[in-house]
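Examining the three-dimensional arrangement
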Amino acid sequence: MRRFIILMAIVLPVLSSCSIMKFYSVEEEYNKAWVGKTYSEIVRHFGAPDRVEFDGRDGSILVYEDFTTTTSTDVDTHFGYFDPDYETKVTRDKHYTHFFIDVDSRCYLVKSNRVEMDEKSKSNLLKALVGTWGAGLLIPLAFGISMSI
């Protein structure tokens, strides 16, 4: 039993590490799903757009945007009130989806920079989380059993 626990404590972290996450663009899916749909169907599903722009062809563009804020700290930039060796940089990534609507109030094109994680990556992430959680429980247990024997 002790060998099994020690083996699992070693194997689980190894199997759960170095998982690669792959993402794909949702633009093609959005075009398949929403081209041909009406203005009201799009608004019913996504809610009111952030703004509506002119498309240059007597139609409009429904603009949906959201921002992701990322904070990073760089060393040796010599800026900061409390610690002069750190500078905090804040960046905002804009995620958008544009629905191009023609004169007849039908969507004819969707442009987006949104991405989603593929199904295999979701599965790998779940395995990594379970493996790490399992290792977190088994390693102390293995050491506790080996110390008591």
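Note that the structure is a prediction, hence the values are computed from the model and not measured.

A complete count under the given rule lists five salt bridges for this structure. The closest approach of N and O atoms between Glu 65 and Arg 51, which form a salt bridge, is 3.0 Å. Taken as a pair, Glu 65 in strand S3 (residues 60–75) and Arg 51 in strand S2 (residues 51–54) lie far apart in primary sequence, 14 residues in all. Taking the relative accessible area as the measure of exposure, Glu 65 reaches 18% and is therefore buried. Classification of Arg 51 by relative accessible area gives partly exposed; the value is 35%. Linking Asp 66 and Arg 114 is a salt bridge whose minimum nitrogen-to-oxygen distance equals 2.8 Å. With a gap of 48 residues between them, Asp 66 in strand S3 and Arg 114 in the loop between strand S5 (107–112) and strand S6 (115–117) connect regions that are remote in the sequence. On the basis of relative accessibility, which here comes to 32%, the residue Asp 66 falls in the partly exposed class.

Turning our eyes to something else, we now look at the confidence of the model for the protein. Mean pLDDT over the protein: 75, with 50% of residues reaching 70 or higher. Here helix H4 (residues 119–148) is the element of the protein with the lowest mean pLDDT, 58, and helix H3 (residues 39–46) is the one with the highest, 96. Overall, residues 74–78 carries pLDDT values under 50, and its contacts beyond four positions in sequence, including any with other chains, amount to 12 contacts.

Listed as buried for helix H2 (residues 27–34) are Tyr 30, Asn 31 and Trp 34. Across the axial projection of H2, the buried residues extend over an arc of 100 degrees, all falling on one side. Turned more than 90 degrees away from the buried face of H2 sit Glu 28 and Lys 32, all of them exposed.

Within the largest apolar cluster, 10 residues are counted, these being Val 26, Tyr 30, Trp 34, Ile 42, Leu 62, Tyr 64, Phe 99, Ile 101, Cys 107 and Val 110. Of all the secondary structure elements, the ones that give two or more residues to this core are H2, S3, strand S4 (86–101) and S5. Dropping the residues within four chain positions of it, Phe 99 is found in contact with Trp 34, Ile 42, Phe 46, Ser 60, Ile 61, Leu 62, Tyr 64, Cys 107, Leu 109 and Val 110.

Thresholds, definitions, all that
Residues numbered from 1 in each chain as written. Predicted model: local features only at pLDDT ≥ 70, side-chain atom pairs only at ≥ 80, totals over all residues. Heavy atoms only, no water. Salt bridge = Lys/Arg side-chain N within 4 Å of Asp/Glu carboxyl O. Helix = DSSP H or I, 4+ residues; strand = E, 2+ residues; numbered from the N terminus. Buried < 20%, exposed > 50% of the residue type's maximum accessible area, 1.4 Å probe, protein only. pLDDT = per-residue confidence, 0-100. Contact = heavy atoms within 4.5 Å. Arc of directions from axis to C-beta. Core = buried A, V, L, I, M, F, W, Y, C linked by side-chain atoms within 4.5 Å.

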